[in-house]
Amino acid sequence: RVGAAFLAAGGGATRVRGEHRACGRRARKAEAARGGQRRGLVRSGAPRAGSVAMGTGAAKMGGKSIPRDALRGCVAVVSGATRGIGRGIAIGLGEAGATVYITGRTQRAPGAAPKKDERTLQATQEAVEKVGGTCIPVAVDHAKTEEVEAFFQRVVREQNGRLDFVINCAYSGVSAIKEVIEKKKPFYRMPLSHFHAINHVGLEQQFVACQLAARAMLGELQSDSETMDSNKDSGKDGSSKRATKCIINVSSFGGLQRIFDIPYGAGKAATDRMTADMDVELAPHGVRVFALWPGVVATEAMVDAFEKMGMTGDESAPHGIANGETPLYVGRAVASICWRTHSGADSRSRQDALGGHVRVVAEHNRRHGITDEHGRAPVSLRSLRFILYSVLGSRASLVPDWRVPWFVVKAVAKTSPQFSWE
């Protein structure tokens, strides 16, 4: 049962570097800092100093996390931002003051009043502006390459060639995944259209968006007859120092361990591999590329799925959506990664060490003291506390938040590629 739980947790990729090792002196300091707080599955109560904690007002940022308005003047693109993780990322960047272009297909009807829990571009725009960001919604169907290209050309034209961050989050495979789960079809009985549904607006269009983003960041994506050079970024002090830009591809633990089905796993593993290789080519030009692994995220679709399965009641379960990562928790991780890369808060040697690697949301946020809007910091999927819940139940809250080393994860999980000793 422990092995099954461990495999279910999954984790890792060809190039994964853990950002936090809860052992030795650092672990003892962290435990001492937490003091008398409840050792639950998420950190409870008020967040410690230096964490990000924000309700619906202005962002409260500082300490080890990210300074207020740290991304003011920066231009970001977030695809698939009408709902879920994409929406949370857009709001997270808005908290830091960025100008955020968001894409999606769903728009509010002209003249219609806003609705509760509305999932439209305009609803996301209002949420971003409410926390202090600037948001520009653009209707884009990422299944159509010509629309994606026209969108990036528009950003280049309107921002005079400036583009600092691109987060590829658009994905259209949720319905196809649900169908596979319900019908339990093996791969040899799947129509080819299923593979396309999972990986077209996902892997394939991530590649297209990365191409266009890289060209825009390097000043090679011209608009009309204007001459632009996005390589000449100046710092806030007017210096000519060039800031590092970054591209983030949203992936998943399915890049290492089987989740859902074969087309899904193949797409996520390919995203991680593609990310690593793109970073090799772009790093010399001041652009870093990362893959992002959220945990169990309480998106609208996930909440609906967990409710149908009756898995929302146990608030002590890290597997339950009640203790999952919120979309804004993911968004704050992205804002932190963008700021640390862009500002030089991460040294050049650290950027080189992390470039092309997977960034695990829970581990990055724990390292830098970032919490969600409820003041919580969910544990990583490779945390012993998460893994042992299926065996210990609520008593798992007493287990230290120690992370299983990646080499153990990769040895136990059915990673790819598999080698034989002959």
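Below or above, wherever it landed, is the structure these notes cover. (Residues numbered from 1 in each chain as written. Predicted model: local features only at pLDDT ≥ 70, side-chain atom pairs only at ≥ 80, totals over all residues. Heavy atoms only, no water.)

Digging into the packing of helix 3 (residues 84-95) against helix 4 (residues 121-130)
Helix 4 packs onto helix 3 with a crossing angle of 30 degrees between their chain directions and a minimal axis gap of 8 Å. Looking at the two axes, helix 3 sits roughly parallel to helix 4. Viewed along their axes, helix 3 and helix 4 form a crossing whose handedness is right-handed. Where helix 3 abuts helix 4, its residues R87, A90, I91 and G94 lie against A123, T124, A127 and V128. (Axes fitted to C-alpha atoms, helices over the stretch in contact; angles between N-to-C directions. Helix = DSSP H or I, 4+ residues; strand = E, 2+ residues; numbered from the N terminus. Parallel < 35°, antiparallel > 145°, perpendicular 65-115°, else oblique. Left-handed = near helix turned anticlockwise from the far one by under 90°. Contact = heavy atoms within 4.5 Å.)

Regarding the packing of aromatic side chains
Using the criterion set out here, one finds six aromatic pairs in the structure. Consider the rings of F151 and F152, whose centres lie 5.4 Å apart with planes at 70 degrees: the pair is edge-to-face. Comparing F151 with F152, the two get one shared label, buried. When the centroid spacing of 4.8 Å and the interplanar angle of 40 degrees are considered together, the rings of F253 and W293 count as tilted. Placement of the pair is F253 in the loop between strand 5 (245-250) and helix 8 (262-282) and W293 in strand 6 (residues 287-293), with a sequence separation of 40 residues. Judged by relative accessible area, F253 falls into the buried class, the value being 3%. (Phe/Tyr/Trp six-rings, centres within 6.5 Å; stacked < 30°, edge-to-face > 60°. Buried < 20%, exposed > 50% of the residue type's maximum accessible area, 1.4 Å probe, protein only.)

Digging into helix 4
Most of helix 4 sits inside the fold, with seven of its 10 residues counted as buried. Every buried residue of helix 4 is accounted for by L121, Q122, A123, T124, Q125, A127 and V128. After helix 4 finishes, the residue G132 shows a positive phi value of roughly 105 degrees.

Topic: the packing of helix 7 (residues 192-217) against helix 8
Relative orientation of the contacting elements helix 7 and helix 8 amounts to 10 degrees, with a least axis distance of 9 Å. By the angle between their directions, the pair helix 7 and helix 8 is classed as roughly parallel. The segment helix 7 lies against helix 8, with H194, F195, I198, N199, L203, Q206, F207, C210 and A214 engaging P263, Y264, G267, A270, T271, M274, M278 and L282. Residues of the contact of helix 7 with helix 8, tallied by class, amount to 12 nonpolar, five polar and no charged. (Nonpolar A, V, L, I, M, F, W, Y, C, P; charged D, E, K, R; others polar.)

Topic: the environment of H194
Tracing the backbone through its elements, the reader meets H194 in helix 7. Taking the C-alpha atoms as reference, H194 lies 6.5 Å from A176; in sequence the two are 18 residues apart. Residues in contact with H194, not counting those within four places in the same chain, are A176, I177, V180, D261 and P263.

Side note on the sheet that holds strand 5
Sheet architecture is open: seven strands sit in the order 3-2-1-4-5-6-7, paired in parallel fashion. With partners counted over all chains shown, the strands left at the sheet margins are strand 3 (134-139) and strand 7 (358-360), one partner each. Geometrically, the sheet is characterised by an average inter-axis angle of 20 degrees between neighbouring strands, direction not taken into account. Taken together, the four bridges between strand 4 (residues 165-168) and strand 5 define a ladder with parallel strand orientation. Each residue of the ladder has a partner; that of V166, found in strand 5, is I247. Of the strands in this sheet, strand 4, strand 5 and strand 6 touch helix 7, which is tilted by about 175 degrees from strand 5. (Pairing = 2+ DSSP bridges.)

Observations regarding a positive patch on the surface
A cluster of basic residues, R83, R105, R119 and K178, forms a positive patch on the protein surface. Within the fold, R105 resides in the loop between strand 2 (99-104) and helix 4. Among the residues examined, R105 registers a relative accessible area of 62% and is labelled exposed. (Patch = residues over 30% accessible without salt bridge, like charges linked within 9 Å, V, L, I, M, F, W, Y side chains within 5 Å. Areas by Shrake-Rupley, 256 points an atom, 1.4 Å probe, with all protein chains shown as cover. Salt bridge = Lys/Arg side-chain N within 4 Å of Asp/Glu carboxyl O. Lys, Arg positive; Asp, Glu negative; His and termini not counted. Charge placed at Lys NZ, Arg CZ, Asp CG, Glu CD.)

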